[in-house]
Structures are given as structure tokens and as C-alpha cells.
Amino acid sequence: MSENGITMVDENGMRLDGRTAEEHRPIKIEAGVLKNADGSAYLEIGKNKVLAAVYGPRECHPRHMQNPTRAIIQCKYNMQAYSVGDRKRPGTDRRSTEISKIISEALENVVLTELYPRASIDVYIEILQANAGTRCAGLTAASVALADAGIPMRDIIPAIASGKADGHVLLDLNKEEDNFGEADVPMAIVPGTDEIVLLQMDGHMTREEFDRAIEMGVAACHEVSDIQKDALRRRYSAEGCE
Ligand code: ADP
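Residues numbered from 1 in each chain as written. Predicted model: local features only at pLDDT ≥ 70, side-chain atom pairs only at ≥ 80, totals over all residues. Heavy atoms only, no water.

Draft legend 1. The site of the ligand, seen in detail. The full set close to the ligand counts 13 residues, and R95, A132, G133, T134 and R135 are the nearest of them. Between the ligand and R95 there is a distance of 2.7 Å, counted from an oxygen atom to a side-chain nitrogen or oxygen. A distance of 2.8 Å is found between an oxygen atom of the ligand and a backbone nitrogen or oxygen belonging to G133. Contact with the protein chains hides 76% of the accessible area of the ligand, taken as 530 Å² for the molecule alone. More than half of the atoms of the ligand fall within 2 Å of the grid points belonging to the largest pocket. Elements with a contribution of two residues or more to the shell around the ligand: α2 (134–148) and α3 (175–180). Classifying every residue of the shell around the ligand by side-chain character gives 4 nonpolar, 3 polar and 6 charged. (Near = heavy atom within 4 Å. Polar contact = N/O pair within 3.5 Å; in protein donor to acceptor, adjacent residues only side chain to side chain. Areas by Shrake-Rupley, 256 points an atom, 1.4 Å probe, with all protein chains shown as cover. 1 Å grid on protein atoms, 1.4 Å probe; cavity = no way out; pocket = protein on both sides within 12 Å on 5 of 7 lines; lining within 4 Å. Sits in = over half its atoms within 2 Å of the grid points. Helix = DSSP H or I, 4+ residues; strand = E, 2+ residues; numbered from the N terminus. Nonpolar A, V, L, I, M, F, W, Y, C, P; charged D, E, K, R; others polar.)

Written out as C-alpha cells, the structure is:
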């Protein structure tokens with residue numbers, strides 16, 4: 001039983017939604033879903049539904065934001081009013097500004113921005129339905145959308161959260177586990193090198209639990225990476241048939 005008196009993991013180690021501690025929710029990714037964007041992707045992980053669209057590289061406006069040596073990545077993460085149970089106040093808030101910033105910074109680690117001085121690569125992430133883990137879902141979808149746009153990258157970034165609920169270290173917390181749990185640790189890696197390009201934590205864990213959460217998250221990121229690559233393969237083989 002958790003600190004809040006709610007049982008989220010039963011005596012057999014099963015979670016309320018039937019998963020084991022190390023299992024992520026079902027993931028579905030489709031690349032190239034929007035005709036008018038340069039690149040796009042739609043992603044579902046459990047009850048999360050996310051759309052990512054990419055424009056660019058194109059001339060950066062306003063011009064004072066241009067970097068003469070490289071492109072900048074401008075990400076806009078937006079949670080739709082209807083994406084959560086109680087209608088969310090539409091528009092930008094502190095949370096969405098922070099998430100947009102950390103996603104842009106993660107992507108700057110892999111996009112070959114030096115190829116496009118003074119340009120901007122614009123990444124729009126729309127959360128259509130939210131059930132915890134949306135920053136990771138958004139970053140995972142954005143990476144596929146960038147690849148779909150043909151933007152040169154060192155690698156394609158997968159992201160997932162691990163955390164702790166009901167005294168157990170768990171992968172990919174759902175909304176109930178996130179709300180009533182003890183800690184949430186979203187992360188993203190460069191799969192080719194295992195470099196960590198996003199890592200946040202709220203709540204509390206022991207050092208051993210934190211190490212276990214990282215180990216679980218990195219292993220799951222590799223699974224997410226395979227699903228991203230499958231989505232891009234399907235996209236290109238479908239293009240070949242057109
Ligand atoms: P993440 O979605 O990356 O896990 P948070 O930990 O901030 O980010 O949020 C967890 C979940 O809480 C979200 O996925 C969403 O379901 C819900 N949530 C976040 N912000 C709001 C909000 N303003 N109104 C209602 N629900 C929200």
C-alpha cells in the first residue's frame with residue numbers, strides 16, 4: 001500500500017492496469033500523418049495521444065534570435081483544453097514553457113544544427129489526450145517527425161519515464177501512479193551512445209531506487225527506439241508503393 005493508503009501493486013507484483021513493474025504501456029507510432037508539415041508523427045502510449053509537426057529549416061524570425069553559426073530549435077509543447085479530465089485553461093503556462101525548453105535542448109544534442117546557420121527548425125507538439133508521461137511522448141513523437149522531415153540527425157531520441165509508486169520502482173507511470181506515487185523520473189537518451197539528454201525528477205527515492213529507475217528507463221528507451229525506427233521504415237516503404 002502506498003503512503004496515501006492506495007494499493008497500486010498487488011502481492012504478485014502486478015499493477016492496476018495489469019502491467020509488471022518493468023512494462024511500458026502499449027505504444028503506437030505513425031510517421032508522416034500531416035500533408036502540409038515538412039515532417040510529422042502521431043503517437044499513442046497508453047491513453048496519451050500526441051501529434052508532432054516540424055517545419056524547417058527555414059529563415060529564423062524574429063531575426064534577433066538568429067544564430068550565425070547554427071540553426072535554433074524552437075519547440076512549442078501545447079496541452080489542448082480537452083486533453084485532461086477537467087478542462088485545462090488554454091494557452092501557454094509555466095509548465096508548457098519549461099517542457100518546450102527541455103525538449104528543444106534534448107533535440108539540439110542530435111540535430112546537425114551547424115548545417116543551417118541563421119535558420120530555425122520549428123517543432124510543434126500537441127497533446128490531444130493526457131495520462132501522464134506526455135513530455136516523453138512529445139519528445140519521442142518530435143524525434144520521429146524530425147526524421148520524417150529529412151532533417152539530418154546523429155540519432156533519433158526515444159524518451160520514457162520511470163518512477164516510484166506504492167513503494168515500488170515502476171516503468172512508465174500512468175496518471176493514477178503519477179498522482180498517488182512517490183516519484184517521477186522522465187528521461188531521454190541517444191540510443192547509439194546511451195548518453196542521457198533529458199533527466200528530471202520530482203518526489204523522493206533512495207539512491208538504489210534511483211539507479212534502478214535509470215536502468216529500467218534506459219532499457220525501455222531502447223524498446224521505444226525500435227518502435228520509432230519501425231514507424232519510419234513503414235513510412236518509407238509506403239512511400240515506395242505510392
Ligand atoms: P507529464 O505529462 O510529462 O508526466 P506532468 O508530470 O507535469 O507531465 O503531468 C502529469 C499529468 O498530469 C499529465 O500527463 C496530465 O495528465 C496531468 N496534467 C498536467 N497538467 C495538467 C493541467 N494543467 N490540468 C489537468 N491535468 C494536468
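There's more to say after this.
Draft legend 2. Layout of the layout of surface pockets. By volume, the largest pocket is sized at about 440 Å³. Every residue lining the largest pocket is counted, 24 residues in all, and those nearest its centre are R95, G133, R135, D178 and D184. For the lining of the largest pocket, the secondary-structure elements that each account for two or more residues are α1 (94–108), α2, α3 and β8 (183–190). Take the lining of the largest pocket: its biggest share by element is 4 residues, from α3. (Points joined across faces, edges and corners; volume = space filled by probe spheres on them.)

Draft legend 3. Spotlight on empty space enclosed by the protein. Using the criterion set out here, one finds 1 cavity of 30 Å³ or more in the structure. Within this model, the largest cavity holds a volume of roughly 90 Å³. Lining the largest cavity are 14 residues, with I45, C136, A137, T140 and A159 positioned closest to its centre. Secondary-structure elements contributing two or more residues to the lining of the largest cavity are β1 (27–31), β2 (39–45), α2 and β6 (159–165).

Draft legend 4. The arrangement of α1 in detail. For α1, spanning 15 residues, the distance from its first C-alpha to its last is 21 Å, which sits close to the expected 21 Å at 1.5 Å a residue. Residues of α1 that are buried include every one of S96, I99, S100, I102, I103, S104, A106 and L107, and no others. Those residues of α1 hidden inside the fold are in contact with β4 (72–79), β5 (119–129), α2 and β9 (195–199). (Expected span 1.5 Å × (residues − 1). Buried < 20%, exposed > 50% of the residue type's maximum accessible area, 1.4 Å probe, protein only. Contact = heavy atoms within 4.5 Å.)

Draft legend 5. Geometry of the nonpolar core. Ranked by size, the top nonpolar core spans 63 residues in total, and within it L107, I121, V123, I125, L139 and L146 carry the most contacts. If we skip the residues at most four places from it in the chain, I121 touches V54, Y55, P57, A71, I72, I73, Q74, V111, L146 and I151. (Core = buried A, V, L, I, M, F, W, Y, C linked by side-chain atoms within 4.5 Å.)

Draft legend 6. Quick look at the environment of L173. With respect to the helices and strands, L173 occurs in the loop between β7 (168–171) and α3. A residue is classified by how much of its surface remains accessible, and L173, at 3% relative accessible area, is buried. A sequence separation of 19 residues divides L173 from R154, and the C-alpha atoms of the two residues are 29 Å apart. Once residues within four sequence positions are removed from consideration, L173 is found in contact with R15, R25, N131, A132, A161, G163, K164, D178, A183 and D184.

Draft legend 7. Layout of the side chain of D166. With respect to the secondary-structure elements, D166 resides in the loop between β6 and β7. Of the side chains with opposite charge, R15 lies nearest to the buried D166, which makes no salt bridge, at 9.5 Å. A polar contact of 2.5 Å, which involves the side chain of D166, links it to the backbone nitrogen of M8. (Lys, Arg positive; Asp, Glu negative; His and termini not counted. Salt bridge = Lys/Arg side-chain N within 4 Å of Asp/Glu carboxyl O.)

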